[in-house]
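A closer look at the structure
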Amino acid sequence: MAYHHTMLCVLSLIVLANAMMADLSVHVDDPCENYTVLDEPWRATNYNDPLNKCDRDVPWSGWYRLMYNGQNIRMPEYCVPVRTCGTVAPLWMDGAHPGLQDGIVTRDICRSNYLGCCSERQTPIQVKACPGNFYVYQLVPPKGCNYAYCADVNTISMDVGAIAPTAPVFDPCTKYSVLDEPWRATNNTDSLNKFDGHVMWYGWYRMMFYGKNIRMPESCVWRGCGAALPLWINETHPGPQDGIVTRYICEDCGSDGCSGRQPPIQVKACPGNFYVYRFVPPKFGSSAYCADVKTISTATDTIPPNTIVPDFDPCFDYTVLDEPWRATNYTANLNHCDRDVPWRGWYRLMYNGQNIRMPDSCVPWGRCGTAGTLWMAGTHPGLQDGIVTRDICKSEGPLCCSEKLPPIQVKACPGNFYVYQLVRPKGCNHAYCADVKTISMDISPTAPVVDPCNKYRILDEPWRATNNSKPLNKCDKDDIFYGWYRMMYNGQNIRIPESCVTWGCGVALELWINGTHPRLQDGIVTRNICEDCGPKGCKKEQDPIQVKACPGNFYVYQLVPPVSCSGGYCIDVNTISMATDTIPPKLPTVPVFDPCLDYSVLDEPWRATNYTENVKHCDKYVRWRGWYRFLYNGQNIRIPEYCVPGGCGTTVPLWLNGAHPRLEEGIVKRDICSARSVDNCCPGSRTIQVKACPGNFYVYELASVWNCDYAYCIDVNTISIVASTTPAAVPTSTDVSTISVAEPTLTASVDPCHNLHCTEDEVCGEVRGIYGCLCKDNHHRSNPESFGLVATCHNSSGWISLSRCLLFEAGFSAQVLHLNNPDCKGTVQDGRVEFHFNNDDQKCGTQLKANKTHFIYENSIQGKADSADGHIISRERLLNLQFVCEYPLKKSGSMDMAVHALTSITHLKLPSGKGTYQIRMIPYEDADFTQLFSGAVAETSDEKIYISVDVDGVDSRQFSSVLDLCWATPTNNSASSITWSLITKQCANPEDGTVEVLRNGVSTSSRFSFRMFTFDGHSPQLYLHCSLHLCLLEGSSCAPNCNSGYQQRARRSADMDKITVSFGPLSSPSKEMDVVDVLAAQAKRYRPKV
């Protein structure tokens, strides 16, 4: 009762307050002339990094005008996806903006989260339209943190002052993307593996079918559209006079037409008999928007003369993507991933300041800085073609197009370059390629010049300072995206440190530049990044970055995400200076890249043609980046131009099959041959680039080698004195001014431990003639019988690591170990050999199996022991550590999974790793599954409850969940003698006509509904219980057929144990529910004791 009294008091106060406001409104200033500007770009609907903003703690007072970098912008009037607008739960306005004649109006505010578009309504706000095409809002604090008001980037417009009639009007009928994908047709039932859940939807879309207009269907689609869950509009399309409207989206078919509701979209009818749609990501990955083949019509596109067409041309509105690792000849670091890049708008590909295109032919996998290379399946358009759509293919293994990804749009631009509207790929280890065969200079005098000194993000985060020794657990891996950044410290200029940082920067692994900063005249340079401190300064190298000195005494950095999450870029407090930013009137032109001024020095005497002492060197695992200059003890030297059958510290020396170029020839291509013997000098070759430089030396853009025991050679007959001044970009400590010419005959000695990089717990040593890292006496030897194995399993993925020194002591080096797929080799990180597999793009020979109790992922670590004994007999030692990730199905809502050995040639038993997946039962009050059940059903309600049973942590592409039985009990005991069945044999109980099975066996989320009831003579509470199993899809449907008279048969591809999950209590105050019918049925089945 007290609760109702409180509500009445609050309502009375609100009414009184409104009356007072109405009475005083004539005395209040016009909010169109008395407001605070809110220009915070992170509120934009396309902003998703970072997501830590919170409007609850803002001292809101008065009226606010939203702006975006000085331009007008509005709050969105539609559902905004979660994790946008700089926050986890974005806030949007549920209602249209008012007109000038409407004055001040009140609008509801909705919060988007994972439960729905308007899972919680916030305190309403007031809004007013103002002359000059802008709006003001009387904002109030939201109910929770991680909530923030959004600003819709599609409504950006210039401030036109008081001239409201001429203000530009945004019309999506003239600015949209074409979605011409025939697989979306309602009559396509051949392949149902498409999904829109991972598409980065951005802006408005026009649906077409082979160049003809087509609409979304307005009625139930049972099977088709290339997806397991087809999406359709649950209302009619608008007319031209209706403008932009909101329409709800339905998935699949249910008893009342709509099986489940998805987030709503916006729709508009356009002149020319077509429609545009503002799509949003669906809730489930197996869903896709449909196109109704019954609505196909010819595109006429007759636009009325008074329609305002925006002057948008992607050739003049794009972002430059100059990342050399995307090149088709780059194979050094294959860990790049485009799935996590926040793709927005159009991009122009460049390579060190020069034009480059996407490849339009097959690119072998393992190029372009990634494992799964992405290339364009179609030719580039001509200038006359305008914007076209092209498919994207992924190369994997021997298959050139193992999978087609979401298409992109492309346009040819004046100046011999192209722009691409890139979208997010489906999986990680996928990246867009740039074809090095298409590099060309920009010949357009009108093309926009992008200078990173004028286009960057400011990174003003004092916790990065070198004197901050307080650990903050910061992580740049998730917060830093590719792009240019200017470092600042409380508004002052600051640089990244150029020397080792031992303790500071608020992170566990400090990142610093291993080289000096460039000068203004140096342009853009590449610098290596070091992680933490080691005995020789740099403990471990990260991916390199680009740096440029800018007028105004500051620097910009093209940062890349670090490899490990505990790494963070530092700022050196010793370099703080005032920001002056005196930029010359004439901007600098685009720097011309010259590899003679930007290279790395390779001074390794063991590469000499007369060096034969240790032939175990291998260039296969070198992470080649950019250009290299060869030196021999500080003197110039070249790659040999003749067959070298022995020497060079390796078994198979590599030599240049052709003459070195002259200065006037510039950059040329040359083949590299592998010399196996005198009679077999060139069984295989690869292409590299070479350039002659002033100062009598050469630089080489080296490519990765295709086998171990291969290494690049240097010809001792070509040694010459260094006559050039080494540029600042070259990381070398040799004093070239004191070098004298040496005799060609060499007595070179090499340190076999130099390149091993043993950790503090290891020591370099020799075992059976091979050098490697041995364990120190004080080394912690956990699980020595299994080489210190550490294993983790989660969601169809596995991470396995072994101790490098324990392996080496047993005769196994890291280079010889691999998973079932020999290409999936381990990587050495901090003294451990790490392996990883997943069920997406890095299967590595993993096999999925099932038995009566588990579904299992199997793989193994394999390899041969090293031997350099030279005996005439061989006792080859093999390693085969077999392990599994198994998911046992137990009778609980949370189940364990374990990793253990099955068999092993070395008879080793691997320790277990732990992981979990969950089963959740969630009650809802509405058929859209957006309003969580409050705990009780009111007497005046519909008395209907909706239940969702979700399985989290398994691969939804391989499994679906099937409800076998669901029942209710009056107590929290699933084995109670008093029960009522809701679902039997995977279908609704025929004795209870109120039960509807809405979804079962089509995804990892099952749904059903029923009318509430009570058990006579018991507490007015219900406890729900469901028994379910996971169904292994294998290309067939797991959904039961509940048609009357149909004999249900088992559809499980794996006969697994069933899981029981329970929930309760559900309270019902009503005493006049379906008690009699329930008890009548119960009496026939149960005889409870009195």
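Here, every reference points to the structure presented above.
Residues numbered from 1 in each chain as written. Predicted model: local features only at pLDDT ≥ 70, side-chain atom pairs only at ≥ 80, totals over all residues. Heavy atoms only, no water.

1. With respect to the overall build of the protein
Here is the rule: Numbered from the N terminus, helices here are DSSP runs of H or I no shorter than four residues, and strands are runs of E no shorter than two. Three exposure classes are used, based on accessible area relative to the maximum for each residue type with a 1.4 Å probe and protein chains only: buried under 20%, partly exposed in between, and exposed over 50%. Contacts are assigned to residue pairs with any non-hydrogen atoms lying within 4.5 Å of each other. Residue exposure ignores everything except the shown protein chains as possible cover, and the areas themselves are Shrake-Rupley values with a 1.4 Å probe.
Of regular secondary structure, the protein possesses four helices and 64 strands. For the protein, the residues scored as buried account for 51% of the 1090 residues in total. Of the contacts made within the protein by residues no fewer than 6 positions apart, 68% connect residues no fewer than 24 positions apart. Accessible surface, the protein: about 50,100 Å² in total, of which carbon and sulfur atoms supply 52%.

2. Re the state of the cysteines
Selection rule: We call a pair of cysteine sulfur atoms a disulfide when they lie within 2.5 Å.
What the rule picks out here adds up to 25 disulfides. Disulfide pairing is shown between Cys 824 and Cys 844; the S-S distance is 2.1 Å. Where Cys 824 bonds to Cys 844 through sulfur, the torsion about that S-S bond is close to -85°, and the disulfide is left-handed. Of this pair, Cys 824 sits in the loop between helix H3 (804-809) and strand E50 (827-829) while Cys 844 sits in the loop between strand E51 (832-837) and strand E52 (847-850), placing them 20 residues apart in sequence. As far as burial versus exposure is concerned, Cys 824 and Cys 844 are alike and both buried. The residue that forms a disulfide with Cys 1031 is Cys 1038, at a sulfur-sulfur distance of 2.0 Å. Since a negative S-S torsion denotes a left-handed disulfide, the Cys 1031-Cys 1038 link at about -70° is left-handed. What makes Cys 1038 buried here is its relative accessible area of 2%.

3. As for the pattern of salt bridges
Heads up, the rule is: Salt bridges, as used here, are contacts in which a Lys or Arg side-chain nitrogen is within 4 Å of a carboxyl oxygen on Asp or Glu.
Enumeration over the complete set of coordinates arrives at 21 salt bridges. A salt bridge links Arg 464 to Glu 461, with the shortest nitrogen-to-oxygen separation between them at 2.8 Å. Within the structure, one salt-bridge network assembled from shared partners comprises Glu 40, Arg 43 and Asp 55.

4. Observations concerning the packing of aromatic side chains
Rules: Whether two aromatic rings pair depends on their centres lying within 6.5 Å, for rings of Phe, Tyr and Trp, where Trp uses its six-membered ring; planes under 30 degrees apart make the pair stacked, over 60 edge-to-face, and the rest tilted. We count a charge as sitting over a ring when the NZ of a lysine or the CZ of an arginine lies within 6 Å of the ring centre and within 35 degrees of the ring normal.
Counted by the stated rule, this structure contains 17 aromatic pairs. Summarising the aromatic geometry, the rings of Phe 929 and Tyr 946 are spaced 5.9 Å apart at their centres and angled 75° between planes, so their arrangement reads as edge-to-face. In this pair, Phe 929 is assigned in the loop between strand E56 (914-924) and strand E57 (944-952) and Tyr 946 in strand E57, connecting sequence segments 17 residues apart. Side by side, Phe 929 and Tyr 946 carry an identical accessibility label, which is buried. With a centroid separation of 6.3 Å and 55° between ring planes, the pair formed by Phe 1010 and Phe 1013 is classed as tilted. For Phe 1010, a relative accessible area of 0% gives the class buried. Linked through ring pairs, Tyr 205, Tyr 277, Phe 279 and Tyr 289 together constitute an aromatic cluster. Above the plane of the ring of Phe 417 lies Arg 348, whose end atom (NZ or CZ) is 3.7 Å from the centre.

5. Notes on the environment of Trp 365
As for its position among the elements, Trp 365 is in the loop between strand E21 (354-357) and strand E22 (372-377). In this structure Trp 365 comes out as partly exposed when scored by relative accessible area, which is 34%. Along the chain, Trp 365 and Leu 399 lie 34 residues apart, while their C-alpha atoms are 8.8 Å from each other.

6. A look at the environment of Val 507
Position of Val 507 relative to the elements: it lies in the loop between strand E30 (492-495) and strand E31 (509-513). Judged by relative accessible area, Val 507 falls into the buried class, the value being 7%. A sequence separation of 31 residues divides Val 507 from Asp 476, and the C-alpha atoms of the two residues are 9.3 Å apart. Val 507 has contacts with Trp 463, Lys 474, Ser 566 and Gly 568, leaving out every residue within four places of it along the chain.

7. Section: unusual backbone geometry
Leaving glycine out, the prevailing phi sign among residues is negative, and the prevailing peptide bond configuration is trans. For Arg 83, which is not glycine, the phi dihedral falls at a positive 60°. Position of Arg 83 among the secondary structure elements: in the loop between strand E3 (71-74) and strand E4 (89-94). In this model, Asn 553 sits at a positive phi of 65°, which is unusual for a non-glycine residue. Looking at the secondary structure, you find Asn 553 in the loop between strand E33 (537-550) and strand E34 (554-559). On the basis of relative accessibility, which here comes to 45%, the residue Asn 553 falls in the partly exposed class.

8. Description of the side chain of Asn 188
Along the chain, the position of Asn 188 falls in the loop between strand E10 (177-180) and strand E11 (205-209). Residues in contact with Asn 188, not counting those within four places in the same chain, are Trp 183, Gly 224, Cys 225 and Gly 226.

9. Focus: the nonpolar core
What counts here: What is meant by a nonpolar core is a set of buried Ala, Val, Leu, Ile, Met, Phe, Trp, Tyr and Cys residues, joined one to another through side-chain atoms within 4.5 Å.
By size, the foremost hydrophobic cluster in this structure holds 55 residues, and its most contacted members are Ile 861, Val 949, Leu 982, Phe 1008 and Phe 1010. The leading source of residues in this core is strand E63 (residues 1021-1032), at six residues. Once residues within four sequence positions are removed from consideration, Ile 861 is found in contact with Ile 800, Leu 802, Leu 817, His 818, Leu 819, Phe 835, Leu 879, Asn 880, Leu 881 and Phe 883. In this structure, Val 690, Val 705, Ala 711 and Tyr 712 belong to the second largest nonpolar core, which totals 29 residues.

10. Here we look at the pairing of strand E24 (residues 399-413)
Heads up, the rule is: Note: two strands are recorded as paired if DSSP finds a minimum of 2 bridges between them.
As judged from the seven bridges shared by strand E23 (residues 388-396) and E24, these two strands associate in the antiparallel manner. Residue pairing in the sheet places Cys 393 in a bridge with Lys 404 of E24. The turn linking E23 back onto E24 is made up of two residues, and Gly 397 within it adopts a positive phi angle of 60°. Bridge analysis of E24 against strand E25 (residues 417-421) gives five bridges, and the strand direction is antiparallel. Looking across to E25, one finds that Gln 409 is bridged to Gln 421. Linking two consecutive strands that pair antiparallel, namely E24 and E25, is a turn of three residues; a positive phi of about 110° is found at Gly 415 within it.

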